[in-house]
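Residue-level listing of the chains:
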Amino acid sequence: MQVRSSRARSVSQSAEHQAPERNLAESPLAWLARRKDKDGQPMLTDAEFDAGEKLRADFWFAQMTPRVTTNWSSFLSGGGGTRGAPDIGPDIRDSVIAAHERVKRALAAVGPDLAGVLIDVCCHLKGLEASEKASGWPQRSGKIILQIALRQLARHYGMLPPPPEANDHRPVRVRHWGASDYRPAIDPDQV
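Student: Kindly report on the packing of aromatic side chains, identifying the contributing residues and their values.
Tutor: Applying the stated rule across the entire model yields one aromatic pair. Between Trp60 and Phe61, the ring centres sit 5.2 Å apart and the planes meet at 70°, which makes this aromatic pair edge-to-face. In this structure Trp60 comes out as exposed when scored by relative accessible area, which is 54%. For the cation-ring pair, Lys54 lies above Tyr157, with the distance from its terminal atom to the ring centre recorded as 5.1 Å.

Student: So, the pattern of salt bridges: which residues are in play, and what are the values?
Tutor: With the rule as written, the count across this model stands at five salt bridges. Between Lys104 and Glu101 there is a salt bridge, and its shortest N-O distance comes to 3.5 Å. Of the two residues, Lys104 and Glu101 both sit in helix 5 (residues 94-110), three residues apart, roughly one turn of that helix. The partner of Lys126 in a salt bridge is Asp120, and the shortest N-O contact between them spans 3.7 Å. Note on Lys126: relative accessible area 34%, which makes it partly exposed.

Student: A description of the environment of Phe61 should follow, citing residues and the corresponding values.
Tutor: Take Phe61: it is sitting in helix 3 (residues 46-61). On the basis of relative accessibility, which here comes to 46%, the residue Phe61 falls in the partly exposed class. Between the alpha carbons of Phe61 and His100 there is a distance of 7.9 Å; along the sequence they are 39 residues apart. Residues within four places of Phe61 in sequence aside, it is in contact with Val96 and Ala99.

The rules behind these values
- Residues numbered from 1 in each chain as written.
- Predicted model: local features only at pLDDT ≥ 70, side-chain atom pairs only at ≥ 80, totals over all residues.
- Heavy atoms only, no water.
- Phe/Tyr/Trp six-rings, centres within 6.5 Å; stacked < 30°, edge-to-face > 60°.
- Buried < 20%, exposed > 50% of the residue type's maximum accessible area, 1.4 Å probe, protein only.
- Lys NZ or Arg CZ within 6 Å of the ring centre and 35° of its normal.
- Salt bridge = Lys/Arg side-chain N within 4 Å of Asp/Glu carboxyl O.
- Helix = DSSP H or I, 4+ residues; strand = E, 2+ residues; numbered from the N terminus.
- Contact = heavy atoms within 4.5 Å.

Here it is, written out as structure tokens:
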């Protein structure tokens, strides 16, 4: 009996130190990250892949995935009588609400045009072909659009440096064809 308890203890201790396993075969992003382009470079950078997986994790933690079965929690907890809406207040934790806000901010940062492909591919794990057909895009354009969306998402998460701005907050140099001391004359009669 003592051998059993020490064995159970060692199994539980080793389980605590192991990282949870992820099935990367289910993720379209993992498939794209393993593929190479014509130059032999990965189709997705590490930052783009990590940004997509972070969005997926937040989407899952926010409980935004569609339900496939009935939610039995209201029957088990005794909440939600027949008089009103089910009592889900205590079931929603702060971490769920925070994850929901992170998803909303991330999708707002990439914009509505790119948010759809991120939701389809990263969150709902749809393939690129299905996302292209649903969006009405030409064939083989989904990879490029997804790369752009993931790059924007990685910038939002701070995994990539921000793009250089057009004016960089430096004064604009005015150019003209006149000499350096040229000043236009204003005719007071025409004003």
